[in-house]
Amino acid sequence: MTGIWNGFLRPIWLLPSDHPSLGVGYELGRAVALGKPVLCLYRRQEGKLLSGMISGSPGIVTVVYKDLDEARIWVEGFVKSASTS
């Protein structure tokens, strides 16, 4: 398998969502439906908000970050916790 479908085989999903995209929403929905741990990283941007469908989903851990160092800390913690559960 190639492309997006290959991604469904991953044990953990990390998806950037800094800009609107129907494709990312679809991928998030599928990952949640498959029971995958999902971390959604959203970079804080003035005047822009993350979709309520993503931020309100009980199957998605949503983190608002300000820089790559902060995002890295969240990713490392998420991967560590997902790997032990």
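Provided above is the structure to which this section pertains.
Residues numbered from 1 in each chain as written. Predicted model: local features only at pLDDT ≥ 70, side-chain atom pairs only at ≥ 80, totals over all residues. Heavy atoms only, no water.

A. Quick look at helix 4 (residues 68–84). Here helix 4 is 17 residues long and its end C-alpha atoms lie 24 Å apart, about the 24 Å a rise of 1.5 Å per residue gives. Listed as buried for helix 4 are Ala71, Phe78 and Ala82. The buried residues of helix 4 all sit within an arc of 35° when viewed along its axis, so they share a single face. Across helix 4 from its buried face, at more than 90 degrees, point the exposed residues Ile73, Lys80, Ser83 and Thr84. (Helix = DSSP H or I, 4+ residues; strand = E, 2+ residues; numbered from the N terminus. Expected span 1.5 Å × (residues − 1). Buried < 20%, exposed > 50% of the residue type's maximum accessible area, 1.4 Å probe, protein only. Arc of directions from axis to C-beta.)

B. Layout of the environment of Ser55. Following the sequence through the fold, Ser55 ends up in helix 3 (residues 52–55). By relative accessible area, Ser55 is classed as partly exposed at 42%. C-alpha separation for the pair Ser55 and Cys40, spaced 15 residues apart in sequence, amounts to 8.4 Å. For Ser55, the residues in contact, after removing those within four places along its chain, are Leu50 and Thr62. (Contact = heavy atoms within 4.5 Å.)

C. Structural detail: the pairing of strand 2 (residues 38–43). Burial runs high along strand 2: 5 of the 6 residues are buried. Inspection of the sheet shows strand 2 paired to strand 3 (residues 61–65) by 5 bridges, in the parallel sense. Bridge pairing in strand 3 links Leu41 to Val63. (Pairing = 2+ DSSP bridges.)

D. Quick look at the nonpolar core. By size, the foremost hydrophobic cluster in this structure holds 9 residues: Val24, Leu28, Ala31, Val38, Cys40, Tyr42, Leu50, Ile54 and Ile60. Grouped together as the second largest cluster of nonpolar side chains are 6 residues, Leu39, Leu41, Tyr65 and Ala71 included. (Core = buried A, V, L, I, M, F, W, Y, C linked by side-chain atoms within 4.5 Å.)

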